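Structural characterization, general
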Amino acid sequence: MNVVLIILSVLLLLVAGGCACVAWAARGGPSWTRAVATATLAAGELVRASGRSGGNRGRGGDPDGSSDG
């Protein structure tokens, strides 16, 4: 098996488990699910913030951010 495939599979399992913990914690799960959910949401915010650091990359529109023509 390819090492990259193994790493991506493990990453996918971690993401799926984190999402499951977020859903379970929202329904009042045990304290460890709330801890995992908090870590998952924080990691998601970090990923989202790192995607924003490129400015307007990947978005259409004017460089100044205005949407009107």
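Residues numbered from 1 in each chain as written. Predicted model: local features only at pLDDT ≥ 70, side-chain atom pairs only at ≥ 80, totals over all residues. Heavy atoms only, no water.

**Re the overall build of the chain**
When you go through the chain residue by residue, the secondary structure sums to 2 helices and 0 strands. When the 69 residues of the chain are sorted by exposure, 9% land in the buried category. Taken as a whole, the chain presents about 5600 Å² of accessible surface, with 67% of it coming from carbon and sulfur. (Helix = DSSP H or I, 4+ residues; strand = E, 2+ residues; numbered from the N terminus. Buried < 20%, exposed > 50% of the residue type's maximum accessible area, 1.4 Å probe, protein only. Areas by Shrake-Rupley, 256 points an atom, 1.4 Å probe, with all protein chains shown as cover.)

**Details of the pattern of salt bridges**
One pass over the structure, following the stated rule, counts 1 salt bridge. A salt bridge links glutamate 45 to arginine 48; the shortest N-O distance between them is 3.4 Å. Taken together, the residues glutamate 45 and arginine 48, both in helix 2 (residues 31-52) and 3 residues apart, mark about one turn of the helix. On the basis of relative accessible area, glutamate 45 is assigned to the partly exposed category, the value being 41%. (Salt bridge = Lys/Arg side-chain N within 4 Å of Asp/Glu carboxyl O.)

**Some remarks on the packing of aromatic side chains**
For the structure on display, the rule yields 1 aromatic pair. Geometrically, the ring pair formed by tryptophan 24 and tryptophan 32 is edge-to-face, given 5.5 Å between the ring centres and 90 degrees between the ring planes. Exposure remark for tryptophan 24: the relative accessible area of 43% places this residue in the partly exposed category. Taking the relative accessible area as the measure of exposure, tryptophan 32 reaches 48% and is therefore partly exposed. (Phe/Tyr/Trp six-rings, centres within 6.5 Å; stacked < 30°, edge-to-face > 60°.)

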